[in-house]
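Structure at a glance
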Amino acid sequence: MAVSRIPGQRWYTPYLFPLPALALFGVFFAWPAVTAIQLSFYEYDVVSPPVFVGMENFVRLIGDDRFWGALANSMLFLVGLFPLLVVIPLLLAVLVNQKLPGIKTFRMLFYLPVVTSMVAVAVAWNYVFHQQGVLNWILTGAGLLDQPVQYLLDPVWALPALILVEGWKSMGTYMMIYLAGLQTIPTNLYEAAKVDGATSWHRLRHITVPLMIPYIAVSMTMAMLDAMQVFTSVYVMTQGGPQDSTLTLGYYIWSAAFEQYDMGYASSMGLVLWVLLIVMAFVNYRLTKGRTVMP
Amino acid sequence: MTPRLAWWLRRAGMYILLTAIALVFVGPFLILVSSGLKPSGQAVFSFPPDIIPRPPVLTWAREAWTAIPYFRYLLNSVIYVGVMVPVYIVVSALCAYPLAQMRFRGQSLIFFAILSTMFLPGELMLIPRFLVVSQLGLADSYAGVILPGLLSAFGVFLLRQTFAGVPREVIDAARTDGCHELRIFWHVMLPASRPTLAILGIFGFISVWNSFIWPLVVLKDSAKYPIALGISYLAGITGTDVRSLAAGTIISILPVVIFFMIMQRHVLDGMRGAVKG
């Protein structure tokens, strides 16, 4: 790279500005990241000094049914969250992109769960999921359930219930990304299509979706990162139960580290998750042929 | 059917649809509000749901306020927001300025190093970061909560985009006038980037106010809890009445919801800048 210096500027000036950021990067990202890699080859319980165990943590991981269960649950989150975070928000964005009086209020209401903490959201949904709560009233009333279900205490229902809560909480974020994208589409494109007799479904299918591909790509990457790292909702609502049915990778790593103080093993799982995320991000990038608006 | 009637019907249908969807997003919060205001004689859960409190009472809000050191937790969150949000914005902006407007060796290295932090899974970093913070003697302190949250790849990325859009002529003119780089940064770049700064402020406020995992890991002393952790603490106390938990939860989200309602018109503008690519 040709380094063209601005007259009167000292060579080190460009390096002074990023110093605070670089210091934070070094202390709270690079150093811990190196420590995490190192730690995954050690056994460490915080009290006694770390003991080098080679690949033992990874060998243990392969034989650990709970790890595979957690990985499977995280994948289920990914599959379940995909429609909630990538598909539905696009439709919501199309809805709130209309020019209607009061549309901004609706936008804000749809976005409300994003603004509130996961803890508050979890508390709120506990009331919805209650045996005598609204959801049971609706589902039994509509004849979809014979009797009320305790969603968070039932191994079949708990995971779908958490996926619903996570998706509901984050939908607004994805809606806003799509909305920002939609507003870059020139309206005369739609008008021309209307003149040619295209129905609203055709306009969505042949104008909106193709032009939104870069935004869909961003959403997919973000949804993947979100889904694979689900933690707070599990911590507050189910603690991984019942019978490990909501044990996600994120929660298992946390519990191994800060409940069992098995730092080495937890780090090795974290490392696997890291590699997995990078691979998935790369695959996603290739699938969308790099047509993403953010790196 | 006249076209005019069809138009009205379509519009009414659209509002019904929008209202129904809004109810899905706001409903759970309405249930909280209703539960937190119900007198002890009125059932919280019933078929069919009995939403209107008769009469609304503030007993439960008062009970939540005293069951945990509520004011203290709110104050802590205000401190975390007040320190972290301005500092993270300045740190991001300082880093973004030379990345956007200067040419130097190692430029892309710095940029990609900082961007790479986006792809570090939070759970992987919790453990070693906790160990690092402990080694620095910052465990269980305000500084331990604050410092690791001051670097934001998103902030650097967004501001670099924005700064790159400031016309070169403006900067060159300032340079010819003898402005040194710090003055240009402060008096040219920052004022030219207000929408981006606003969005970073809004998202920073929301994320710090709601922060949960990191404070949970780093804090032992509950007196330093931010409010979200305080609510989880309140939920964990056995014998907390469901009404009082509901009231306490609603109070905890009011500040951030009100803040957002005031600032929301800036969000979409900023988002547009963020995804312009």
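On a predicted model such as this, the values are computed, not experimentally measured, just so you know. (Residues numbered from 1 in each chain as written. Chains lettered and ligands numbered in written order. Predicted model: local features only at pLDDT ≥ 70, side-chain atom pairs only at ≥ 80, totals over all residues. Heavy atoms only, no water.)

1. Section: the overall build of chain A
When you go through chain A residue by residue, the secondary structure sums to 13 helices and 2 strands. Each principal axis of the C-alpha distribution contributes one length, and for chain A these read about 75 × 75 × 30 Å. Within the span of chain A, comprising 295 residues, buried residues form 54% of the whole. A sequence separation of at least 24 residues applies to 67% of the contacts in chain A between residues at least 6 apart. Summing over all exposed atoms, chain A offers an accessible surface of approximately 13500 Å²; the carbon and sulfur share of this is 66%. Side chains of chain A give 14 positive and 14 negative charges; the mean places of these two sets differ by 24 Å. (Helix = DSSP H or I, 4+ residues; strand = E, 2+ residues; numbered from the N terminus. Buried < 20%, exposed > 50% of the residue type's maximum accessible area, 1.4 Å probe, protein only. Contact = heavy atoms within 4.5 Å. Areas by Shrake-Rupley, 256 points an atom, 1.4 Å probe, with all protein chains shown as cover. Lys, Arg positive; Asp, Glu negative; His and termini not counted. Charge placed at Lys NZ, Arg CZ, Asp CG, Glu CD.)

2. Quick notes on the confidence of the model for chain B
Per-residue confidence for chain B gives a mean pLDDT of 89; residues scoring 70 or more make up 96%. Element-level pLDDT for chain B is lowest in helix α14 (residues 265-275) of chain B, with a mean of 67, against a maximum mean of 95 in helix α6 (residues 142-146) of chain B. (pLDDT = per-residue confidence, 0-100.)

3. A look at the domain arrangement of chain B
All names here are of chain B. One can read the domain layout of chain B as domain 1 (3-57) and domain 2 (69-275). The C-alpha centroid of domain 2 is placed 34 Å from the C-alpha centroid of domain 1. Carbon and sulfur atoms supply 77% of the area buried between domain 1 and domain 2, which totals about 650 Å² over both sides. For domain 1, the biggest contributors to the area lost against domain 2 are Leu32, Gly36 and Val44; these three give 53% of the whole. For the interface between domain 1 and domain 2, the tally reads 0 salt bridges. Here domain 1 and domain 2 share 2 residue pairs in polar contact (both at pLDDT 80 or more) between them. Residue composition of the side of domain 1 that touches domain 2, by class: 6 nonpolar, 4 polar and 1 charged. (Domains from an automatic or database assignment. Buried area = accessible area lost by both parts, 1.4 Å probe. Salt bridge = Lys/Arg side-chain N within 4 Å of Asp/Glu carboxyl O. Polar contact = N/O pair within 3.5 Å; in protein donor to acceptor, adjacent residues only side chain to side chain. Nonpolar A, V, L, I, M, F, W, Y, C, P; charged D, E, K, R; others polar.)

4. Let's talk about unusual backbone geometry
The omega angle of the peptide bond from Phe47(B) to Pro48(B) is -10 degrees, so this bond is cis rather than trans. Mapped onto the elements of the fold, Pro48(B) is located in the loop between α1 (3-37) and α2 (59-67). In the Ramachandran plot, Gln239(A) falls in the positive-phi region, its phi being about 50 degrees despite a non-glycine side chain. For Gln239(A), the position within the fold is in the loop between α11 (232-237) and α12 (249-258). Look at Gln239(A) and you get partly exposed, because its relative accessible area is 48%. The residue Gln243(A) is not glycine, and still its phi comes out positive at about 50 degrees.

5. Side note on the environment of Lys224(B)
Residue and element names in this part refer to chain B. Within the secondary structure, Lys224 is located in the loop between α11 (213-218) and α12 (227-236). The spatial distance from the C-alpha of Lys224 to the C-alpha of Ala20 is 40 Å, given a sequence separation of 204 residues. Residues within four places of Lys224 in sequence aside, it is in contact with Asn76, Tyr80, Asp140, Ser141, Tyr142 and Leu219.

6. Points about the interface of chain B and chain A
With 93 residues of chain B at the interface, the matching set in chain A holds 96 residues. Summed over both sides, the interface between chain B and chain A buries roughly 8700 Å², with carbon and sulfur atoms accounting for 82% of that surface. There are 0 salt bridges connecting chain B and chain A. Summed over the shared surface of chain B and chain A, the number is 9 residue pairs in polar contact (both at pLDDT 80 or more). The element best represented in the side of chain B that touches chain A is α1(B), accounting for 16 residues. Here the side of chain B that touches chain A is composed, by residue class, of 71 nonpolar, 13 polar and 9 charged.

7. Considering the packing of helix α2 (residues 19-39) of chain A against helix α13 (residues 263-287) of chain A
All names here are of chain A. Here α2 crosses α13 at 110 degrees, and the two axes come no closer than 8 Å. Considered as vectors, α2 and α13 are oriented roughly perpendicular to each other. Here α2 runs over α13; the crossing is left-handed. For the pair α2 and α13, contact is made by Ala36, Ile37 and Leu39 and by Met263, Gly264, Ser267, Leu271 and Trp274, respectively. Grouping the amino acids of the contact of α2 with α13 by side-chain chemistry returns 6 nonpolar, 2 polar and no charged. (Axes fitted to C-alpha atoms, helices over the stretch in contact; angles between N-to-C directions. Parallel < 35°, antiparallel > 145°, perpendicular 65-115°, else oblique. Left-handed = near helix turned anticlockwise from the far one by under 90°.)

8. Considerations on the nonpolar core
Counting residues in each nonpolar core, the largest one holds 192 residues, and the members touching the most others are Phe110(A) and Phe163(B). The greatest single-element share of this core, amounting to 17 residues, is contributed by helix α3 (residues 70-101) of chain B. Here this core gathers at least three residues from each of two domains, domain 1 (3-57) and domain 2 (69-275) of chain B. (Core = buried A, V, L, I, M, F, W, Y, C linked by side-chain atoms within 4.5 Å.)

9. Structural notes on the layout of surface pockets
Residues and elements named next belong to chain A. Estimated volume of the second largest pocket: approximately 1100 Å³. If you go around the second largest pocket, you meet 23 residues; those closest to its centre are Val94, Asn97, Gln98, Lys194 and Arg203. If you tally residues by element for the lining of the second largest pocket, the top one is helix α10 (residues 200-228), at 5 residues. Of the residues belonging to the lining of the second largest pocket, the class tally is 11 nonpolar, 6 polar and 6 charged. (1 Å grid on protein atoms, 1.4 Å probe; cavity = no way out; pocket = protein on both sides within 12 Å on 5 of 7 lines; lining within 4 Å. Points joined across faces, edges and corners; volume = space filled by probe spheres on them.)

10. Some points on the pattern of salt bridges
Summed over all chains, the structure comprises 8 salt bridges over all chains. The partner of Asp262(A) in a salt bridge is Arg60(A), and the shortest N-O contact between them spans 2.9 Å. Linking Asp262(A) in the loop between α12 and α13 with Arg60(A) in helix α3 (residues 56-62), this pair joins segments that are 202 residues apart in sequence. One salt bridge connects Glu181(B) with Arg175(B), and the closest N-O pair in it is separated by 2.7 Å. For the pair formed by Glu181(B) and Arg175(B), the shared burial category is buried. In the salt-bridge network here, residues are joined through shared partners; they are Arg168(B), Asp172(B), Arg175(B) and Glu181(B).

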